[in-house]
Amino acid sequence: MKMSRRQVVTGGATVAAAAAAAPVLLAGSPAQATAATADAASSGPSPEEITNAIGRWDKHHDTPRGEELCFLSAGDLLRGMRARRISPVEVAQAYLARIDRLNHKVNAIVYRHPEELVLARARDAERRYVNGTARPMEGLPYLIKDLFDFWKDAPNTFGSVVFKEMGFRPPSNAIYIQRVLDAGINPMGKTNTPEFGHEGITDNYAFGPTSTPFDLTKNAGGSSGGSAAAVAGFLTALSQGSDAGGSVRIPAAFTNTVGFKATFGRIPQDAPPLPYNPMLHPGPICRTVEDTALSMEVMGGFHPQDKFSIQDRPAYLRSLHKLGGGLKGKRVAFSPNLDIFPVERQVVQAVRGGVAALAAAGARVDEIPLGFDKMTTTDLLSGTQRPVTQEMLSDLWVMMQSALYGFARDLFLHYGIPVDLMREPYVSKLNPEFRGMLERAARTSVMQYKHGEFLEIAVNDAVEAVFAQGYDYIVCPTLTTVSVSNTADGNTLGPASVNGVPTERTIGWCMTYPFNFTGHPVASVPAGFAGKMPVGMQIVGRRFADVEVLNAAKAVENHRPWHDRYLKEF
């Protein structure tokens, strides 16, 4: 339904007003209050449930002070604050100081929330711990991705010069951002992303590239690269990203962190067209599997505004602690290349180490073909069948993502935001690859788009055929390459080839996006190192088996721990 006008804050001015029919609800409106009530009724975890699941502070544990607080996991911070051994105010001060000292090296955070607001929220958390009203994530420093992960109290640029110059602020919070805010997080700022998250690299004309702390000349990956680099660099306790083709898992691989893409529908979305595109998944980025489970406790769960959101809400923390990373009786199908991807030798070597950790936890591991090399597609012009290649799959992703961006262009106009990205003075300010995707959207026919869905189905069928053989997990590398070097032009791209095989440069060097076609739960976990660069490994589970995927991630963490590889200085 077309609305007449829409309130949007740009540079402090009202561009349009009144939102009676707005799909994205205005903060403070009766409809927003109704949605909030419905969300409150969705049986999220209580503080007592989180406390019981996460455990108590070890009274023999030395209590860190100052910057040392930044090196604790989110779970340990919670345990310390609940035991009144750690002050939320001191935690906030430590993170603010570390951000000010080190963020410029990695360029992870593009907006830092005013110190007085961060400390005011920390003091409120202190009071809540004293009077017994602390919420599930009370006082945890948190960073928010600068994309469709709307936080109404901060500017939102989408990694774009256009919106940076406009001073755009969202009129409301995204559902999952509202949930973490309601759970008591202390938002410290917003993190870098490529323009509209269009590629697996984080670089843009607005802020420049984000580096991995492990090598400041190398990119952190994308599109949630700012979030991942901040987590890995101890610039935040927790963060989140959004994953349409690997955008949580790609930077997790380059930064030695855990990136989790839950089953589609586990984390509800409300910013159109996000709830209606099954490729799009919000998800946490953390240093530990426990912190990932904690994030899922709060972010996940049914919401009536997302018609695809899933009703049941797993007890992630309790289940994870009960299972403990044990995999006895589980079967793993390992593929070093998904049958059709060129993968660098160092990547495969590191991932084999991660696979060995699964075996050490009790799993039976078989290296098998997955059937991707048996997939075929029909050529629309000739009507003949052709084998599917990795170039075809990456082109399919680019086409579908292009269509999404074409919709987003119309969305801004629909909501009264005075920006037509395909006209001046805006179009000349866009990244050329992103602009090319908008142009492709304009020339893609409905027939071409729907034809691509047959290939999506083929990928899903191949994945499900593996699970039908009795396997519990599919395991493969997250990326085909060890690293990508930053460039100075604001337009860093992925490799043009891997092992001499041409690859599409925005996403084709990533082994993540096929699982966005399918909606299965996937975690990227640290598998090992190639020199000084971390290497990620994907663990794919059956649809809705999110807890089981996190348990397999915990198995790797138990048998191949990665925490001592993070750098306190970079």
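Given the structure is predicted, the values throughout are model-derived calculations rather than measurements.

**Brief notes about the nonpolar core**
- Phe163, Leu294, Phe372, Leu393, Leu421, Met537 and Ile539 are the most contacted members of the largest nonpolar core, which totals 164 residues.
- No other element matches helix α4 (residues 88–106), which puts 9 residues into this core.
- Excluding its chain neighbours within four sequence positions, the residues that come into contact with leucine 393 are Ile340, Phe372, Met375, Val388, Leu455, Val459, Tyr513 and Phe517.

**Some points on the side chain of glutamine 401**
- Take glutamine 401: it is sitting in helix α13 (residues 390–414).
- On the basis of relative accessibility, which here comes to 2%, the residue glutamine 401 falls in the buried class.

**Examining the packing of helix α2 (residues 47–54) against helix α3 (residues 74–82)**
- At a minimum axis separation of 11 Å, α2 and α3 run at an interaxial angle of 115°. Our classification of the angle between α2 and α3 gives roughly perpendicular. The handedness of the crossing between α2 and α3 comes out as left-handed. Counted together, Pro47, Ile50, Thr51 and Ile54 of α2 and Gly75, Leu78, Arg79 and Arg82 of α3 form the full contact between these two elements.
- When its residues are assigned to classes, the contact of α2 with α3 shows 4 nonpolar, 2 polar and 2 charged.

**Examining the pairing of strand β13 (residues 364–367)**
- Relative to β13, strand β12 (residues 331–334) runs parallel, the two sharing 4 bridges. Bridging across to β13, phenylalanine 334 finds its partner in glutamate 367.
- One crossover worth recording links β12 to the parallel β13 by way of helix α12 (residues 345–360), and it is right-handed.

**Side note on the packing of aromatic side chains**
- Within this structure, the stated rule accounts for 23 aromatic pairs.
- When the ring of phenylalanine 163 is compared with that of phenylalanine 412, the centres are 4.9 Å apart and the planes differ by 50°; the resulting orientation is tilted. In this pair, phenylalanine 163 sits in helix α6 (residues 161–166) while phenylalanine 412 sits in helix α13, placing the two residues 249 residues apart along the sequence. The pair formed by phenylalanine 163 and phenylalanine 412 is uniform in burial state, with each residue classed as buried.
- The interplanar angle of 75° and the centroid separation of 5.8 Å between the aromatic rings of phenylalanine 234 and tyrosine 566 together place this pair among those described as edge-to-face. With phenylalanine 234 in the loop between α8 (225–232) and β9 (238–243) and tyrosine 566 in the segment after α17 (546–559), this pair connects stretches of sequence that are 332 residues apart.

**Things to note about the sheet that holds strand β10 (residues 258–261)**
- A sheet is described by the order of its strands in space; here 11 strands give the open sequence β3-β6-β4-β9-β11-β10-β19-β20-β16-β12-β13, paired in mixed fashion. The sheet is open, and its two borders are formed by β3 (109–112) and β13, each paired with just one other strand. Averaged over all neighbouring strand pairs, the angle between strand axes comes to 30°, with direction disregarded.
- Strand direction decides the pairing type here: β10 and strand β19 (residues 522–530), joined by 3 bridges, are antiparallel. From the neighbouring strand, lysine 261 faces β19, where its bridge partner is valine 522.
- Contacting β12, β13, β16 (473–477), β19 and β20 (533–541), α12 runs over the sheet at an angle of about 50° to β20.

**A word on unusual backbone geometry**
- Looking along the chain, the bond that leaves glycine 222 and enters serine 223 is cis, with omega of 10°.
- Note that serine 223 resides in the loop between β8 (215–219) and α8.
- Residues glutamate 424 and proline 425 are joined by a peptide bond in cis, for which omega reads 10°.
- Structurally, proline 425 is set in the loop between α13 and α14 (432–443).
- The backbone of phenylalanine 196 sits at a positive phi, close to 55°, despite the residue not being glycine.
- With respect to the helices, strands and loops of the structure, phenylalanine 196 is situated in the loop between β6 (186–191) and β7 (211–212).
- By relative accessible area, which is 2% here, phenylalanine 196 ends up buried.
- Unlike most non-glycine residues, aspartate 339 shows phi in positive territory, near 75°.

**Comments concerning the side chain of glutamine 240**
- Structurally, the position occupied by glutamine 240 is in strand β9.
- Here aspartate 149 takes part through its side chain, which lies 2.9 Å from a polar atom of the side chain of glutamine 240.
- Excluding residues within four positions of it along the chain, glutamine 240 makes contact with Tyr142, Leu143, Ile144, Lys145, Asp149, Tyr176, Ile177, Ser227, Gly283, Pro284, Ile285 and Met299.

**Points about the confidence of the model for the protein**
- Confidence in the prediction of the protein, expressed as mean pLDDT, is 91, and 92% of residues score 70 or more.
- Overall, residues 1–37 carries pLDDT values under 50, and its contacts beyond four positions in sequence, including any with other chains, amount to 72 contacts.

**Regarding helix α7 (residues 175–182)**
- Of all 8 residues that make up α7, 6 are buried, and the element is covered over most of its length.
- For α7, the set of buried residues is Ile175, Tyr176, Ile177, Arg179, Val180 and Leu181.

**Section: the pattern of salt bridges**
- Taken as a whole, this structure holds 31 salt bridges when the rule is applied.
- One salt bridge connects arginine 112 with aspartate 100, and the closest N-O pair in it is separated by 2.8 Å. Note that arginine 112 is positioned in strand β3 and aspartate 100 in helix α4, a separation of 12 residues in sequence.
- For glutamate 453, the salt bridge goes to lysine 450, with nearest N and O atoms at 2.8 Å. Residue glutamate 453 and its partner lysine 450 are located together in helix α15 (residues 446–468), separated by 3 residues, close to a single helical turn.
- Assessed through its relative accessible area of 44%, lysine 450 is described here as partly exposed.
- If you follow the salt bridges from partner to partner, you end up with Asp124, Arg127, Arg128, Arg135 and Glu138 in one network.

Reading the values: the criteria
- In this convention, every chain numbers its residues from 1, walking through the sequence in written order.
- Thresholds applied to this predicted model are a pLDDT of at least 70 for local features of residues and 80 or more for the giving and counting of side-chain atom pairs; totals over whole chains, interfaces and linings are not thresholded and use all residues.
- Side-chain numbers here rest on the full set of heavy atoms in the structure, without hydrogens or water.
- Residues belong to a common nonpolar core when they are buried Ala, Val, Leu, Ile, Met, Phe, Trp, Tyr or Cys residues joined through side-chain atoms within 4.5 Å.
- The buried label applies to any residue whose accessible area, calculated with a 1.4 Å probe on protein chains only, is under 20% of its type's maximum; exposed applies above 50%, and partly exposed to all values in between.
- Think of it this way: any DSSP run of H or I at least four residues long counts as a helix, any run of E at least two long counts as a strand, and we number them from the N terminus.
- Here a residue-residue contact requires only that any non-hydrogen atoms of the pair lie within 4.5 Å.
- Axis geometry follows a simple rule: fit a line to the C-alpha atoms, using only the stretch in contact for helices, then measure angles between N-to-C directions, giving values from 0 to 180 degrees.
- For classification, angles of less than 35 degrees are called roughly parallel, those exceeding 145 degrees roughly antiparallel, those between 65 and 115 degrees roughly perpendicular, and all remaining angles oblique.
- Left-handed describes a crossing whose near helix is turned anticlockwise from the far helix by less than a right angle; the clockwise case is right-handed.
- Only Asp, Glu, Lys and Arg are considered charged in this grouping, and only Ala, Val, Leu, Ile, Met, Phe, Trp, Tyr, Cys and Pro are considered nonpolar; every other residue, Gly among them, is considered polar.
- If DSSP finds at least two bridges between two strands, the strands pair.
- By the criterion used throughout, a crossover qualifies as right-handed when its path from the first strand across the helix to the second strand runs clockwise, the strands pointing away from the viewer.
- Two aromatic rings from Phe, Tyr or Trp, using only the six-membered ring of Trp, form a pair when their centres are within 6.5 Å; if the ring planes differ by under 30 degrees the pair is stacked, by over 60 it is edge-to-face, and anything between is tilted.
- Residues adjacent in sequence count toward polar contacts only when both atoms are side-chain atoms; beyond that, a polar contact is any pair of N or O atoms within 3.5 Å, and within protein one must be able to donate a hydrogen and the other to accept it.
- Values of pLDDT, the confidence the predictor places in each residue, fall between 0 and 100.
- Every case where a carboxyl oxygen of Asp or Glu lies within 4 Å of a side-chain nitrogen of Lys or Arg is listed as a salt bridge.

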